Amino acid sequence: MKRTYIKELGTKVGEEVMIKGWVNIRRDQGKMIFLDFRDMTGIVQGVILPNQTEALEQGKKLRQEFVVEVNGKVNERPERNKKAGILNGNIELEILKITILAEAAPLPFDMSADGFNLDLITELDNRALTLRHPRNQAVFKILETVIDSFREIMKNESFFEFQAPCIVPATAEGGAEVFKIGYFNKAAYLTQSPQLYKQIVMSAFERCFSVNKIFRAEPSATTRHLTEIISLDAEMAFIDSWTDIRDMEEKTIKYILEQIKKNNAEHLKILGVELPVMLDKTPTMSLREAQQKIFEAYKRDNRGDKDLSSQDEVEICEIVKKETGSDFVFVYGYPTKKKPFYVYPNPAEPEFNEGLDMICRGRELSSGGRRINNFEQLEKHVKEWNLDPKTITMFLQAFKYGVPPEGGFAFGAERLVMQFLNLPNVRQAVIFPRDMNRIDERLEGTEGEF
Ligand code: AMO
């Protein structure tokens, strides 16, 4: 008999079917055994009735995660047992025959829907098993939609996709958060950002994007920092102002949110979360305006600070939410000297730049802005930022030969999922997270985790 996927069972009421999957849970009730089965499409409840002696014998051998092939009849549940709003809530599989395809060792913890409540260390220490839980699968299906829909919107907007290198000769973002690697007898780095490469590709293709791994040697273990990140990067030429970058970012996030709503309704339900609210026009303010608002609302005086602290990010989002209902806010105009050399200084006030961050529900989701496109100005910045021009020769070469006014942005895919789903820790948005304390296994000498 041909396999039927669990999601399709609703269309087979009254028919005999064969399904394959895992035992999600077993409940013995008097002379009957109830079994929930799970495959990649969903979950269904099955029941072995007292007259099915052979199936009952098999059923007694089953534990959670046994892999089985099951023959049974799809029955409509009696009215009082119907569960509205969940897949297969109106049907049940009357089990006729069970074949065990693979056995599973007793589980180290409860994996049932209600009993699954692990601390993150246990969860990650048992990733091969916890990845099977529908809650986790819901998160990673949404991550998949985020990446797919980023690609789609970029392609719809005529951006060219390229793959940026991971081994690089220089550090794009500056700072100490870079992994140095032995490269034969020389030193090289793992890329912190495809920044310089996307600008080179943009100078030839006008619009480009990449979905790339980036690496940050974050020396502190926080709830929002990873060492290996999926970076969703875009760069576009012929802009009139940094606001064109903001508008493209906004359009991108709107599209991603729409696609999640469309493709992941059941996953959002499993997680019990509401997506953040994005208005037609996302509130936008300068760093100084944001600091002034925080001062007025919370009496914390950070006016003059070079950046928003994480507390500031939380507070400015609270203020904007209260004032407008938006869960997003753009903050632009950071001190030029405190940001990477490529960010465009505001001509009217060169000590502030035309860089911007998108903040959502209290955390930064992206950075971006206008870039310097004039060769002489770029060379000047390279000197002032104490960079060695020899390490970015190829980048400078592009600008020597004519580059239009341009800009771009980058989102961390995991941060995006974390904020969209209100996850308390960014590691929950990654199947195999890397941080200073973990590469699959906890690293030796590690005590705590975050
Ligand atoms: P930035 O350094 O702000 O900008 O990084 C862009 C976005 O990447 C994500 N991100 C991280 N997520 C998890 N853990 C980390 N350690 C981490 N570091 C960064 C965040 C952040 O907003 N080249 C610029 C982008 C540009 O201007 O186009 C850049 O890399 O979501």
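In this text, all values refer to a predicted model and were calculated from it rather than measured experimentally.

Focus: the side chain of His267
For step 1, the next point in the chain: Along the chain, the position of His267 falls in helix H7 (residues 265-271).
For step 2, the next point in the chain: What His267 contacts, discounting residues up to four positions off in sequence, is Ala138, Lys141 and Ile142.

Observations regarding the site of the ligand
For step 1, the next point in the chain: Residues in contact with the ligand amount to 22 residues; listed here are only the nearest, Gln195, Lys198, Glu364, Ser367 and Arg371.
For step 2, the next point in the chain: At 2.8 Å from an oxygen atom of the ligand is found a side-chain nitrogen or oxygen belonging to Lys198.
For step 3, the next point in the chain: Within the backbone of Gly412, a nitrogen or oxygen atom sits 3.1 Å from an oxygen atom of the ligand.
For step 4, the next point in the chain: Protein burial of the ligand: of its 630 Å² of free accessible surface, 93% is covered by the chains.
For step 5, the next point in the chain: Of the pockets mapped on this structure, the ligand occupies the largest pocket.

Notes on the layout of surface pockets
For step 1, the next point in the chain: Reported here for the largest pocket is a volume of approximately 1,300 Å³.
For step 2, the next point in the chain: As for the largest pocket, its lining consists of 50 residues, of which Glu173, Arg216, Lys339, Glu364 and Ser367 are closest to the centre.
For step 3, the next point in the chain: Mapped by element, the contributors of at least two residues to the lining of the largest pocket are helix H5 (195-205), strand E11 (228-237), helix H9 (310-324), strand E14 (355-360), strand E15 (363-371), strand E16 (406-412) and helix H12 (413-420).
For step 4, the next point in the chain: Broken down by element, the lining of the largest pocket gets its largest block of residues, 7 residues, from E15.
For step 5, the next point in the chain: A per-class count over the lining of the largest pocket returns 16 nonpolar, 16 polar and 18 charged.
For step 6, the next point in the chain: Taken as a whole, the second largest pocket encloses approximately 1,100 Å³ of empty space.
For step 7, the next point in the chain: Along the wall of the second largest pocket there are 35 residues; nearest its centre are Gly42, Ile43, Ile86, Pro134 and Ile270.
For step 8, the next point in the chain: For the lining of the second largest pocket, the elements supplying multiple residues, two or more each, are strand E1 (16-29), strand E2 (32-39), strand E3 (42-48), helix H4 (134-156) and H7.
For step 9, the next point in the chain: For the lining of the second largest pocket, the element with the most residues is H4, which contributes 5 residues.
For step 10, the next point in the chain: Inspection of the lining of the second largest pocket shows a minimum of three residues originating in each of domain 1 (6-102) and domain 2 (127-442).

Rules of the game
- Residues numbered from 1 in each chain as written.
- Predicted model: local features only at pLDDT ≥ 70, side-chain atom pairs only at ≥ 80, totals over all residues.
- Heavy atoms only, no water.
- Helix = DSSP H or I, 4+ residues; strand = E, 2+ residues; numbered from the N terminus.
- Contact = heavy atoms within 4.5 Å.
- Near = heavy atom within 4 Å.
- Polar contact = N/O pair within 3.5 Å; in protein donor to acceptor, adjacent residues only side chain to side chain.
- Areas by Shrake-Rupley, 256 points an atom, 1.4 Å probe, with all protein chains shown as cover.
- 1 Å grid on protein atoms, 1.4 Å probe; cavity = no way out; pocket = protein on both sides within 12 Å on 5 of 7 lines; lining within 4 Å.
- Sits in = over half its atoms within 2 Å of the grid points.
- Points joined across faces, edges and corners; volume = space filled by probe spheres on them.
- Nonpolar A, V, L, I, M, F, W, Y, C, P; charged D, E, K, R; others polar.
- Domains from an automatic or database assignment.

Everything listed here is a matter of geometry and, on its own, says nothing about what the molecule does.
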